[in-house]
Amino acid sequence: MQSNSLINNKKKIVNDPVYGFISVPGSYFFDLVEHPYFQRLRRIKQLGLTDLVYPGALHTRFHHVLGAMHLMDKALTTLKRKGTVISPEEEKAVLTAILLHDIGHGPYSHTLEHTIIKGVTHEEISGAIMKRLAEELGDELLRALHVFENDYPRPFLHQLVSSQLDMDRMDYLNRDSFYTGVSEGKIGSDRIIEMLNVHNEQLVVEEKGIYSVEKFITARRLMYWQVYLHKTVVGAEFMLIRILERAKELVRSGEEIFASPALRFFLENDISKDEFLTNREVLETFTRLDDYDIMGAIKVWCSHKDRILSLLSSKLVNRKLLKVEVSKEPFSPDRLNLEREMAASLLGISLEDAHYFVFANSLTNNAYSSDKQNINLLMKNGEVIDLPHASDNLNISALSKPVKKYALCYPVG
């Protein structure tokens, strides 16, 4: 028998490969982490199909949110030391908000956000799950929801969770860099956090932290081109989307198709945003859906009698991916038609079905968006200036402009 002291010991230490030992601070947070909704994040990879290019990129959303909570704890300590008054209730709320900010992610993270579920973002699903948790674990979770949805009277708390310099981005850049081995993504999160302050209830960075923030923006741009928008990763993700689209089409035409109960529900039904956010059964079904449902089904679909589904599934499972060509200019309709004719001949499929294997899409890299909550610098004279206007690094102004490229996917050999 365990003693009561051991049973009630809910202040846990986690050995994190990025930061070393980090703690889950007490029973309230321990109970959140132990909840089945949260444990589902262990079964959702942080970077979707990126491990097809970077084999080490097998870390999960579970890793990420614990790391983001660790950084949030450090940021709160820094701000309080500098004189910002943060109540214990507010501290608990913002730590809860960052811990649960990704709880609404579906399988393969962003890849299937608009395929299995259309018209509702993972942030909206996270909010709905937080409301459901509040019913079960207590109304104090509602303050965290207000912080998360930027509906709390102290904006800097939300900015720590979601802005252009938040604990979410700081963790995923360091973590994704670590697991992919792409060193260009590593940032000085300790230095940036040490430079944070609050001015008129808005999050700011002290002037002397400008070069660390410049490196943060540059690292984000590089990680997008080298990892998140790597052409092979993009091609694999598009294939995954096409597989689910074909599966939905077959299910709705009456074809028998293997799927877990949770996956089948979303293949058979188009759920509206309102229904998703208000219907308890829909939300519960979603919380039973993860990467395992998707890949387990795709492995079975490799031998399905439908040639389109089986071809796409086999190619993804065996990493026989579509070729991806990237251009600064959009691909012409003539080029698309030519590639579809060649694909139909190569694969022995109809020209009508060739769009499953030949398609074009745009890729946008926007490391710093001037339309969103700015990164503001607090100058020594008390003036607050937006980062690009304060920086003596001309690259920052360039990085605030989005770069769009175009990808064409088609089969070869």
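Residues numbered from 1 in each chain as written. Predicted model: local features only at pLDDT ≥ 70, side-chain atom pairs only at ≥ 80, totals over all residues. Heavy atoms only, no water.

## Describing the environment of E136
Along the chain, E136 falls in helix α6 (residues 122–137). Within polar-contact distance, the side chain of E136 engages the side chain of H35 at 3.0 Å. (Helix = DSSP H or I, 4+ residues; strand = E, 2+ residues; numbered from the N terminus. Polar contact = N/O pair within 3.5 Å; in protein donor to acceptor, adjacent residues only side chain to side chain.)

## Focus on the environment of D386
With respect to the helices and strands, D386 occurs in strand β8 (residues 384–386). Along the sequence, D386 and L100 sit 286 residues apart, while their C-alpha atoms lie 29 Å from each other. When residues no more than four places from it in sequence are discounted, the contact partners of D386 are Y368, N374, I375 and N376. (Contact = heavy atoms within 4.5 Å.)

## A short note on the nonpolar core
Core analysis: the biggest nonpolar cluster contains 130 residues, and L160, M167, L196, L263, F266, F276 and W301 have the highest contact counts within it. Here F276 is in contact with I117, V120, I125, F266, I271, V282, L283 and F286, once residues within four sequence places are set aside. In this structure, L336, A343, V358 and L408 belong to the second largest nonpolar core, which totals six residues. (Core = buried A, V, L, I, M, F, W, Y, C linked by side-chain atoms within 4.5 Å. Buried < 20%, exposed > 50% of the residue type's maximum accessible area, 1.4 Å probe, protein only.)

## Side note on the packing of aromatic side chains
Summed over the entire model, instances satisfying the criterion amount to 10 aromatic pairs. Residues F178 and Y179 carry aromatic rings whose centres are separated by 5.1 Å and whose planes lie at 75 degrees to one another, so their mutual orientation is edge-to-face. Given a relative accessible area of 45%, F178 falls into the partly exposed group. The class of Y179 is buried, set by a relative accessible area of 18%. Here F276 and F286 contribute two aromatic rings whose centre-to-centre distance is 5.4 Å and whose plane-to-plane angle is 75 degrees, an arrangement assigned as edge-to-face. Of the two residues, F276 sits in helix α14 (residues 273–278) while F286 sits in helix α15 (residues 280–286), which places them 10 residues apart along the sequence. Comparing F276 with F286, the two get one shared label, buried. Linked through ring pairs, F265, F266, F276 and F286 together constitute an aromatic cluster. (Phe/Tyr/Trp six-rings, centres within 6.5 Å; stacked < 30°, edge-to-face > 60°.)

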